[in-house]
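# Remarks on the overall topology
What follows is each chain in one-letter form.
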Amino acid sequence: MNDRKQISAKRFFGLDFLRALSISLLLFSHCSWIYNSNGILGKLQDASGFLGVEMFIVLSGFLIGGILYKQFLHENYSLKDAALFVSRRLMRVLPSYYLVILILTIIYLFFGFSVSEVWKYPLLIQNFSSPIPAFFPESWSLPVKEMGYIFVVFLLLVLSKSFVKGSKEVLFLTVIFGLIIATFFIKLYYDLHSNNLDLKRWSFEIRSVVVYRIDSVLIGVLFGFFNYYYKGFILAKRRWFLVSGVLLLMFMASCIIVFKFRLTNASWFWNICCFPLLSLAICMFIPFLLSWKTPSETIGKGIKFICNIAYSVYLLHYSLVLFLLKYFIDTRNFSLWQLHFFTVFYVLITVGLSYLFYNYFEKPINEFRTKNLKLNDK
């Protein structure tokens, strides 16, 4: 959730706002466990979690895409370059992730829960081709992003060695489009051979499985590539992109609400088209966000604060904080006002712990990484 610092010392308020919005929507979504929400509120919370994670994935792809391509432009793109990118990237996400896995494993053992599949998590394969286990389920989006980047780096290295005199631009686009097309056919195969008619099962089997979701992060990477070459045009046409994004979202909403596309009558829409269209729509908002200036110093500081702790919030808020609160505090007979107070307490605890986690663990590691693992991007 904090990839902005890898691309430039300059911060873009609009991108920070999108990152802050994504983690806020995710936090709001998981409050459904507190309220056992049904009806309109429940649907809003489901939609907010759905959109929040997709924003997170696409924004990360956009920011990393520029870095990936800029590094690939080196005259002699080597194994050392690829290894440096991967090690720098993993150093960004894995230490905090590993610490949370360790804490959760201890908690699960203490309560007598199964940890038989925890070994998959350090390798980021817990949801590679099958639904994620019950342990730390919200972590599914991390392997989607990181595996996507690793696949791209590996294929770029192979192609650069196989076609030494080939155009870097063509090779890069070949890898990105190739992986997107491969993901399309994998999802097509699923659609043709699955009898899934339930959205909850769809969320586990398609939405949160790496092999079906790599295209989403790569659409962000692709937009980062185009921004590298056509930044002036993209910024000049930012309102056109914004309108296109709104229209695309309206089209998707019409398919679901007006034309009533369901898994029973339009499985192809949900299994194949839904996520690429949503990723593309989110990309359409990025040019406008790049030009969005900070409304005020106070708002800017608030958004920056949320961005700084966003990754820590992502790791801590659900399986750790909310699980323990729900375990020790029985909210089943709480009145609505008591649930409101519990929610405020939960949010404050999450933000406070995330702030401490960021400042005393995540931030020092990031500073070490920045100092000792510098990409040669000249």
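Scroll up to find the structure.
All values reported here derive from a predicted model rather than from experimental measurement. (Residues numbered from 1 in each chain as written. Predicted model: local features only at pLDDT ≥ 70, side-chain atom pairs only at ≥ 80, totals over all residues. Heavy atoms only, no water.)

## Things to note about the overall build of the protein
A count of helices and strands for the protein gives 13 helices and zero strands. Helices (α) and strands (β) of the protein occur, in sequence order from the N terminus, as α-α-α-α-α-α-α-α-α-α-α-α-α. Relative to the 2.2 N^0.38 estimate, which gives 21 Å for 378 residues, the radius of gyration of the protein is 21 Å and therefore close to what a compact globule would have. Along the first, second and third principal axes, the C-alpha set of the protein runs to 70 × 50 × 50 Å. Across the 378 residues of the protein, 51% fall into the buried class. Looking at the protein alone, contacts between residues at least 24 apart form 78% of all its contacts between residues at least 6 apart. Total accessible area on the protein stands at roughly 18400 Å², and carbon and sulfur atoms take up 69% of it. If the 37 positive side-chain charges of the protein are averaged to one point and the 19 negative ones to another, these points end up 7 Å apart. (Helix = DSSP H or I, 4+ residues; strand = E, 2+ residues; numbered from the N terminus. Rg over C-alpha atoms; globule rule 2.2 N^0.38 Å. Buried < 20%, exposed > 50% of the residue type's maximum accessible area, 1.4 Å probe, protein only. Contact = heavy atoms within 4.5 Å. Areas by Shrake-Rupley, 256 points an atom, 1.4 Å probe, with all protein chains shown as cover. Lys, Arg positive; Asp, Glu negative; His and termini not counted. Charge placed at Lys NZ, Arg CZ, Asp CG, Glu CD.)

## Quick look at the layout of surface pockets
Each pocket or cavity is described by its volume, and for the largest pocket that value is around 1800 Å³. Along the wall of the largest pocket there are 40 residues; nearest its centre are D46, A47, F50, S203 and R207. Of all elements in the fold, only helix 2 (13-30), helix 3 (32-35), helix 4 (39-72), helix 8 (199-207), helix 10 (238-257), helix 11 (267-290) and helix 12 (297-328) reach the threshold of two or more residues within the lining of the largest pocket. In terms of residues, the lining of the largest pocket owes the most to one element, helix 4, which gives nine residues. (1 Å grid on protein atoms, 1.4 Å probe; cavity = no way out; pocket = protein on both sides within 12 Å on 5 of 7 lines; lining within 4 Å. Points joined across faces, edges and corners; volume = space filled by probe spheres on them.)

## Regarding helix 2
Taking 1.5 Å of rise per residue, the 18 residues of helix 2 would be expected to cover 26 Å, and the 26 Å separating its terminal C-alpha atoms lies within 8% of that figure. In terms of burial, helix 2 is largely enclosed, as 14 of its 18 residues are buried. (Expected span 1.5 Å × (residues − 1).)

## Comments concerning the packing of aromatic side chains
Enumeration according to the criterion identifies 51 aromatic pairs in this entry. Ring geometry for F62 and F223: centres 6.0 Å apart, planes at 45°, overall tilted. Taken together, the residues span a long stretch of sequence, with F62 in helix 4 and F223 in helix 9 (residues 210-236) at a distance of 161 residues. The same class applies to F62 as to F223, namely buried. Between F323 and Y327, the aromatic rings sit 6.0 Å apart at their centres with planes inclined by 35°, giving tilted as the arrangement. Of this pair, F323 and Y327 are both found in helix 12, four residues apart, which corresponds to roughly one turn of the helix. Residue F323 is classed as buried on the basis of its relative accessible area, which comes to 15%. You can call Y327 partly exposed: its relative accessible area is 44%. (Phe/Tyr/Trp six-rings, centres within 6.5 Å; stacked < 30°, edge-to-face > 60°.)

## As for the packing of helix 5 (residues 79-111) against helix 13 (residues 336-372)
At a minimum axis separation of 9 Å, helix 5 and helix 13 run at an interaxial angle of 155°. When the axes of helix 5 and helix 13 are compared, the pair comes out roughly antiparallel. The way helix 5 lies across helix 13 gives a crossing that is right-handed. The segment helix 5 lies against helix 13, with R88, M91, R92, P95, S96, L99 and V100 engaging F357, F361, E362, I365, N366, F368, R369 and T370. The residue inventory of the contact of helix 5 with helix 13, partitioned by class, reads eight nonpolar, three polar and four charged. (Axes fitted to C-alpha atoms, helices over the stretch in contact; angles between N-to-C directions. Parallel < 35°, antiparallel > 145°, perpendicular 65-115°, else oblique. Left-handed = near helix turned anticlockwise from the far one by under 90°. Nonpolar A, V, L, I, M, F, W, Y, C, P; charged D, E, K, R; others polar.)

## Quick look at the environment of A20
Residue placement: A20 occurs in helix 2. The class of A20 is buried, set by a relative accessible area of 3%.

## What to know about helix 7 (residues 168-193)
Compared with the 38 Å implied by 1.5 Å per residue over 26 residues, the 38 Å span of helix 7 between its first and last C-alpha is a close match. Residues K168, L171, F172, L173, V175, I176, L179, I180, T183, K187, Y190 and D191 constitute the buried set of helix 7. Here the buried face of helix 7 lies against helix 4, helix 6 (141-162), helix 8, helix 9 and helix 11.

## Here's the deal with the environment of R89
Examined against the element boundaries, R89 turns out to sit in helix 5. The spatial distance from the C-alpha of R89 to the C-alpha of F269 is 33 Å, given a sequence separation of 180 residues.

## Structural notes on the nonpolar core
If you look at the biggest cluster of nonpolar residues, it comprises 109 residues, and the most contacted ones within it are L15, Y97, F136, F172 and L218. Per-element tally for this core: the top contributor is helix 4, with 14 residues. Not counting the four nearest positions on each side in its chain, F172 is found in contact with G65, L68, Y69, F72, L156, V221 and F225. (Core = buried A, V, L, I, M, F, W, Y, C linked by side-chain atoms within 4.5 Å.)

## Thoughts on a nonpolar patch on the surface
Together, L73, Y228, Y229, Y230 and F233 make up a nonpolar patch on the protein surface, roughly 490 Å² of accessible area in all. By the element assignment, Y228 lies in helix 9. (Patch = residues over 30% accessible without salt bridge, like charges linked within 9 Å, V, L, I, M, F, W, Y side chains within 5 Å. Salt bridge = Lys/Arg side-chain N within 4 Å of Asp/Glu carboxyl O.)

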